[in-house]
Amino acid sequence: MGTFHHGRSELHGITVVVDTRGPKVFVGRCDDLDEHEVILLDADVHEDGANGRSKNDWVREAARWGVWKKMDRVVIPRAEVASVVRLGDIAAD
Amino acid sequence: MPYDPRLVQPMREELTEIGVQELRTSADVDAFMASKTGSAMIVVNSVCGCAAGKARPGVRLALESTIRPDRIGTVFAGQDLDATARAREFFGQVPPSSPSIALFRDGQIVHFVPRHMIEGRDALAVANGLVKAFNKYCTPTTAN
């Protein structure tokens with residue numbers, strides 16, 4: 001799972017996975033991304049282990065089908081972000 | 001709020017001019033899905049430039065394949081709201097996204113291409129993925 005370091009022009013409008021250094025992982029449409037924050041639209045979030053699914057399990061399922069929107073907009077501080085990758089680049093089972 | 005129909009019309013025609021059946025109402029969708037035999041495909045069209053601009057040419061390329069769905073329809077997300085909502089009911093537990101493409105076999109969804117699998121890909125890549133699915137699901141079954 002490679003990490004992108006591009007600016008808004010690269011990922012704006014693209015569905016991405018934002019993994020955090022904590023238990024949460026987000027999937028949503030990237031609105032903006034800079035050194036301070038990542039802003040996602042139409043996003044969903046999963047917490048590691050919730051419903052018996054690891055972050056990887058949940059992301060792989062998201063890669064196959066997509067996600068249900070649970071948040072119109074979410075702002076994730078960049079300090080909490082471990083990686084940002086395109087959901088379409090993740091191989092689904 | 002639906003988009004200006006004048007803006008959307010060329011995007012509709014990009015599919016209808018190659019024979020894709022436009023499904024403008026929920027009744028159109030029901031009629032299209034009434035047959036439970038063979039294969040069918042529904043393209044959820046959209047205005048989104050970064051993805052739909054690749055989806056439509058990808059569908060056009062894929063439909064040049066000799067093996068293709070028996071029936072091909074399209075709804076337009078953000079424009080034909082009732083038809084799109086009804087089509088998504090046939091997609092089962094698949095989260096809504098647009099553009100997207102659903103392939104059915106004998107009335108059951110067997111393959112789905114969500115928006116994120118179109119984003120960032122070119123039309124040929126979209127087409128190649130569809131043709132692979134056509135070859136898997138649209139080949140006529142033979143009686144033994």
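Just so it is clear, the model here is predicted, and its values are computed rather than measured. (Residues numbered from 1 in each chain as written. Chains lettered and ligands numbered in written order. Predicted model: local features only at pLDDT ≥ 70, side-chain atom pairs only at ≥ 80, totals over all residues.)

**Points about the overall build of chain A**
Of the regular secondary structure elements, chain A holds two helices and five strands. Counting helices and strands in the order they occur from the N terminus, chain A gives α-β-β-β-α-β-β. In chain A, which comprises 93 residues, the proportion classed as buried is 33%. Contacts spanning at least 24 positions in sequence make up 65% of the contacts within chain A whose residues lie at least 6 apart. (Helix = DSSP H or I, 4+ residues; strand = E, 2+ residues; numbered from the N terminus. Buried ≥ 20, exposed ≤ 12 C-beta atoms within 10 Å, placed from the backbone. Contact = placed C-beta atoms within 7 Å.)

**Examining the sheet that holds strand β1 (residues 21–22) of chain B**
Residues and elements named next belong to chain B. Spatial strand order, β1-β3-β2-β4-β5: five strands in an open sheet with mixed pairing. Strands at the two margins of the open sheet, each flanked by one partner only, are β1 and β5 (108–113). Helix α4 (residues 81–89) rests against β2 (39–45) and β3 (71–76) of the sheet, and its axis sits at about 130° to β3. (Pairing = 2+ DSSP bridges. Axes fitted to C-alpha atoms, helices over the stretch in contact; angles between N-to-C directions.)

**Looking at the confidence of the model for chain A**
Residues and elements named next belong to chain A. Mean pLDDT over chain A stands at 89; residues scoring 70 or higher make up 88%. Within chain A, the element-level pLDDT minimum falls on helix α1 (residues 8–11), averaging 70, and the maximum on strand β4 (residues 71–77), averaging 98. Low pLDDT (under 50) marks residues 1–7, which in the prediction has 13 contacts with non-local residues, meaning those over four places away or in another chain. (pLDDT = per-residue confidence, 0-100.)

**Here's the deal with the interface of chain A and chain B**
Taken together, the contact pairs 10 residues of chain A with 11 residues of chain B. For the side of chain A that touches chain B, the class distribution of residues is five nonpolar, four polar and one charged. (Nonpolar A, V, L, I, M, F, W, Y, C, P; charged D, E, K, R; others polar.)

**Things to note about the nonpolar core**
When a protein is soluble and globular, its nonpolar side chains tend to lie buried together. Core analysis: the biggest nonpolar cluster contains 38 residues, and Met 41, Val 43, Val 75, Ile 101 and Leu 130 of chain B have the highest contact counts within it. With six residues, helix α5 (residues 123–137) of chain B is the single largest residue contributor to this core. Each residue touching Val 43 of chain B, except ones within four places of it in the same chain, is listed here: Leu 15, Val 20, Val 59, Thr 74 and Ile 101 of chain B. Among the nonpolar cores identified, the runner-up in size contains 21 residues, and Val 25, Val 38, Val 59 and Ala 63 of chain A belong to it. (Core = buried A, V, L, I, M, F, W, Y, C linked by C-beta atoms within 7 Å.)

**Section: α4 of chain B**
Taken together, the buried positions of α4 of chain B are Ala 83, Thr 84, Arg 86, Ala 87 and Arg 88 of chain B. The inward-facing, buried residues of α4 of chain B abut α2 (26–33), β2 and β3 of chain B.

**Things to note about the sheet that holds β4 of chain A**
All names here are of chain A. What the five strands build is an open sheet, ordered β4-β3-β2-β1-β5; its pairing is antiparallel. Two strands bound the open sheet, and with one partner strand each, they are β4 and β5 (81–86). Strand-to-strand twist in this sheet, taken as the mean axis angle between neighbours without regard to direction, amounts to 40°. The pairing of strand β3 (residues 37–47) with β4 spans six bridges and is antiparallel. Bridge pairing in β4 places Val 38 opposite Ile 76.

**Considerations on the environment of Ala 133 of chain B**
Its place among the elements puts Ala 133 of chain B in helix α5. Discounting chain neighbours no more than four positions away, the residues touching Ala 133 of chain B are Leu 103 and His 111 of chain B.

**Describing unusual backbone geometry**
The peptide bond linking Ser 98 of chain B to Pro 99 of chain B adopts the cis configuration, its omega dihedral lying at 0°. Position of Pro 99 of chain B among the secondary structure elements: in the loop between α4 and β4 (100–105). Of note in this structure, Asp 42 of chain A is not a glycine but carries a positive phi near 50°. One can find Asp 42 of chain A in strand β3. Unusually for a residue other than glycine, Asn 51 of chain A sits at a positive phi of about 55°.

**Focus: the confidence of the model for chain B**
Residue and element names in this part refer to chain B. Per-residue pLDDT for chain B averages 92, and the proportion of residues at 70 or more is 94%. Looking across chain B, the model is least confident in helix α3 (residues 49–62), with a mean pLDDT of 86, and most confident in α2, with 98. Both confidence scores are given for the complex: pTM 0.87, ipTM 0.81.

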